[in-house]
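Single-letter residue listing:
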Amino acid sequence: MHITEEISLPLPHYVGKIISSVRNKNAKYVLEGEYANTIFKVDEETGDVYAFERLDREKKSEYELTALIIDKITNQRMEAPSTFVIKVHDINDNVPIFVQKVFNGSVPEMSSVGTSVTKVTAVDADDPTIADHAKVIYQVIEGENYFTVDESGVISTATANLDREAQPTYKILVKAKESLGNTGREASIATVFITLLDINDNFPTFKKGSFHFKVPENTPIKGEVGRLEVVDIDEPQNRNTTYNFVRGYFQDTFKIITIPSTNEGIIKPQKPLNYEEIKEYKFNVEATDPTVIPRYYKPGGNKSIASITIEVLDVDEPPVFSQSLYIFKVEENNPQKNKQIGTVSARDPDAANRAIRYIPRISSPPGNYIKISDTGMVFLNQALDRETSAWYNITIRAVELVDKNTLSDKESQAHIHIQVTDVNDNAPELTYPEEPRVCENAEPGQVVTRISATDKDEMLPGVYFKYSLATEDSNFTLSDNHDNTANVTVKYGQFNRELAKTHYLTVMISDNGKPALTSTNTLPISICKCNERGEVTFCEASAKIVGVSIQALVAIFVCILTIIVITLLLFLRKRHKKDLNVLRNNVAEIHEQLVTYDEEGGGEMDTTSYDVSVLNSARKNTMKPPRLNLEPVLSPYAQIQKPTESGHSGTGEMEIMIEVKKDEADNDGDLLPYDTLHIYGYEGAESIAESLSSLESGSSDSDIDYDFLNDWGPRFKMLAELYGSEPTIDFVY
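Treat the numbers as computed from the prediction; the structure is a model and nothing was measured. (Residues numbered from 1 in each chain as written. Predicted model: local features only at pLDDT ≥ 70, side-chain atom pairs only at ≥ 80, totals over all residues. Heavy atoms only, no water.)

Some thoughts on the overall build of the protein
Looking only at helices and strands, the protein has five helices and 43 strands in total. Sequence separation of 24 or more characterises 69% of the internal contacts of the protein that already satisfy a separation of 6 or more. Of the accessible surface of the protein, which amounts to about 44,900 Å², a share of 53% is contributed by carbon and sulfur atoms. (Helix = DSSP H or I, 4+ residues; strand = E, 2+ residues; numbered from the N terminus. Contact = heavy atoms within 4.5 Å. Areas by Shrake-Rupley, 256 points an atom, 1.4 Å probe, with all protein chains shown as cover.)

Here's the deal with a nonpolar patch on the surface
A contiguous nonpolar surface patch, about 550 Å² in accessible area, is contributed by V554, F557, V558, L561, V565 and L569. Tracing the backbone shows F557 in helix α1 (residues 550–593). We classify F557 as exposed; its relative accessible area is 54%. (Patch = residues over 30% accessible without salt bridge, like charges linked within 9 Å, V, L, I, M, F, W, Y side chains within 5 Å. Salt bridge = Lys/Arg side-chain N within 4 Å of Asp/Glu carboxyl O. Buried < 20%, exposed > 50% of the residue type's maximum accessible area, 1.4 Å probe, protein only.)

Quick look at the pattern of salt bridges
One pass over the full model with this rule turns up 20 salt bridges. Residue K17 is joined to D48 by a salt bridge in which the shortest nitrogen-to-oxygen separation is 3.1 Å. Residue K17 is found in strand β2 (residues 13–17), and its partner D48 is found in strand β5 (residues 48–51); the two are separated by 31 residues along the sequence. Taking relative accessible area as the criterion, K17 reaches 41% and is therefore assigned partly exposed. By relative accessible area, D48 is classed as buried at 13%. For E535, the salt bridge is made with R533, and the minimal N-O distance between the two is 3.4 Å. Owing to a relative accessible area of 42%, E535 belongs among the partly exposed residues under this scheme. By relative accessible area, R533 is classed as exposed at 66%. Taken together, the shared-partner salt bridges connect R164, E165, D198 and E235 into one network.

Observations regarding the side chain of E109
Among the structural elements, E109 can be located in the loop between β9 (102–108) and β10 (116–119). Buried charged residue E109 carries no salt bridge. Nearest counter-charge: R164, at 4.3 Å. With residues near it in sequence (within four places) discarded, E109 still touches L162, D163, R164, E165, L196, L197, D198, I199 and D201. (Lys, Arg positive; Asp, Glu negative; His and termini not counted.)

Quick word on the sheet that holds strand β3 (residues 27–33)
Taken in spatial order, the four strands make up an open sheet running β1-β7-β6-β3, and their pairing is mixed. Looking along the sheet, the strands with just one partner apiece sit at the ends: β1 (2–4) and β3. On average, each strand axis in the sheet is inclined to that of its neighbour by 30 degrees, with strand direction left out of account. (Pairing = 2+ DSSP bridges. Axes fitted to C-alpha atoms, helices over the stretch in contact; angles between N-to-C directions.)

As for the sheet that holds strand β33 (residues 391–401)
Sheet strands line up and pair through hydrogen bonds in the backbone, either parallel or antiparallel. Taken together, four strands build an open sheet; the order of strands is β27-β34-β33-β30 and the sheet is mixed. The open sheet terminates on both sides in strands that have one partner only, identified here as β27 (325–331) and β30 (356–364). Between one strand and the next, the sheet's axes are offset by a mean angle of 30 degrees, whatever the strand orientation. Sheet analysis places β30 next to β33, joined by eight bridges and oriented antiparallel.

Focus: unusual backbone geometry
Omega for the peptide link from L11 to P12 comes to -5 degrees, which places this bond in the cis form. Following the sequence through the fold, P12 ends up in the loop between β1 and β2. Cis rather than trans, the peptide bond between K514 and P515 has omega equal to -5 degrees. Note that P515 resides in the loop between β41 (502–511) and β42 (518–530). Positive phi, close to 65 degrees, is recorded for N37, a residue that is not glycine. When you line up the elements, N37 lands in the loop between β3 and β4 (40–42).

Remarks on the state of the cysteines
Inspection of every chain in the model, using the stated rule, returns two disulfides. Two residues, C439 and C530, share a disulfide whose sulfurs are 1.9 Å apart. The disulfide joining C439 to C530 has a torsion of about -90 degrees about its S-S bond and is therefore left-handed. Placement of C439 in strand β36 (residues 437–439) and of C530 in strand β42 is noted, with a sequence separation of 91 residues between them. Of the two residues, C439 and C530, both sit in the buried class. Residue C528 pairs covalently with C539 via a disulfide, S to S 1.9 Å. Because the torsion about its S-S bond is -45 degrees, the bridge between C528 and C539 counts as left-handed. (Disulfide = S-S within 2.5 Å.)

Observations regarding the packing of aromatic side chains
Applying the stated criterion to the full structure yields 20 aromatic pairs. Aromatic pair F40 and Y63: ring centres 5.1 Å apart, planes at 65 degrees, arrangement edge-to-face. Of this pair, F40 sits in strand β4 while Y63 sits in strand β6 (residues 62–71), placing them 23 residues apart in sequence. Among the residues examined, F40 registers a relative accessible area of 0% and is labelled buried. Y63 gets classed as buried once you look at its relative accessible area, which sits at 6%. Ring centres of F206 and Y243 lie 6.1 Å apart, and the angle between their planes is 50 degrees; on these two criteria the pair is classed as tilted. (Phe/Tyr/Trp six-rings, centres within 6.5 Å; stacked < 30°, edge-to-face > 60°.)

Details of the nonpolar core
The biggest cluster of nonpolar side chains holds 23 residues, and the ones touching the most others in it are V344, I370, I396, I416 and I418. Those elements that provide at least two residues to this core are β27, β30, β31 (370–372), β32 (377–380), β33 and β34 (407–421). The residues touching V344, leaving out its near neighbours within four places in the chain, are Y326, F328, Y358, I372, T375, G376, V378, I396 and I416. (Core = buried A, V, L, I, M, F, W, Y, C linked by side-chain atoms within 4.5 Å.)

Notes on the environment of L380
Structurally, L380 is set in strand β32. Judged by its relative accessible area of 2%, L380 falls in the buried class.

Take it as geometry only, folks, not as evidence of what the structure does.
In structure tokens, the structure reads:
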């Protein structure tokens, strides 16, 4: 069945008719399927199909339905179902619509006419199978002078003079419309942005016609003198400026390097600048781009030229050596001190031309080997030994003199290598083989060992060693191998171990130098017991002759002396610490024995411990108190047993005790010379004597003579001074 879309007649719209071969008054037509009984309905009696909505082909172009005929009473099918399709016919009711409102495209600048840029697309929803219903026509309505569009929507260039530097982007409008005959409807319009891609079609030009640079003369090689700036309107990836000298003779002095990121040209010196020689450089430089496409040349030429002026500034430069390395030869052991071995030369490159002083700086091996005059003459300070070092390397300084005695801070360095040539000043020395041994029953001619020699002098081709024995009465002989070695062989055979277990062979070795030198060496050879096969069964190890140099002996002596000094210092330190400990102990004891004198006495009760009359009697009789010959008590805190309290025997005991202690104090040389008060455990009974207070005695009329206290020694000197003479001053305690 067929029906046209968008019918303007009132609904419903007739679509078609279903016809069945069943003839039954109870039969009725029924529709099933998508949109059945909604959009499409059938008349039960006649089978006419109607559409109850206006149809739009652009939404749905076909509908599939199923037709049935059933019994009204039983609802049973009276015939097999039949499927049919309703097709909606297009009426060209849509205009073309672009798939997007904005399109973008790009094309290289200066492209030829017809170069494709981009493509636009518009879609017409009408049926494309019907002629002119879905055909789209494109038209550039803005920008048509630069671009065109074909029927497929491809946009192309309309001119070959699209210059990015003049206009980098374009905006055009494209219209999409139906085919001819239907232009009355509104068309769809899209915007297209087109970007011109840059090509290398422009030459660089200098920003200014001349450049002037000032540079100090000590600018290093490959340092920067100045920068040349150009303008290239192409994009950075298409800028390839090169700089060339076109006028002037300084291509060997400078070179220009292009920096790709900035397109600048850096002028760098290729050799040292010298203000004293050339003060100014002038030349012309051209800037061009060899990668510009030739067919795009534009008016104005393919190169730009600028004049360059470089002004060299004077600086105070250090001295300049005539060469950086000087090599001199000198014969070793040359006894001539201050002998000239060569000359060095340096000059002040500045106009001042100051005087130069030469100073040795570093030597290898370390030492003060040379001195240099102000004129550069090099002299030896000492003889050189090739065996110590064959080469002496010395770094020297050349310093400018501001005045006669003042050095400037401008200096430069050079190197002197002194090669020491050899003279024959060392005799060859025996290289001792390891434990040469021979059987006591060795046969004549048997080789004992092979000996060789070394020489500290230079071993040049042709050096020859000669070996010989100091005496001919030995049981050994030497045979030359003609390769600077010799064999020690048995001469007679049959050694006697009972007479000598080791033979010391004196070997003399001479060289063929001028003058020839000879050394005497001792080679110990052990005599061993051997079996019948000549195998050693018993042998004492021979003592090697080992020489010790004077330097080694000095080193050993210094080590021994150092050990002795360290041991002595440790001993003295230990003794000093011991003395300090003793002194600390004594000081502690002294402090324990000191008593302050501002303590109050016990009053009159102090006189009950001893009989003062004994002292008085001693004074009256002008007799010295008796001294007992007793052994001194070791401890300063001697203890006395407390006497019995019967009668007044305590008075006599107190007198004896005082005498004993006084005698000990006078005769004991170990006690310290301090006034001390000995405290004793025994106090004695109450004293019957009167008060001994100096306050009372000083004011009393007592005529007791205390001069006998002077006889009691230094311990009682203070009491003797107080009581021994007529007091003139009252002492108050």
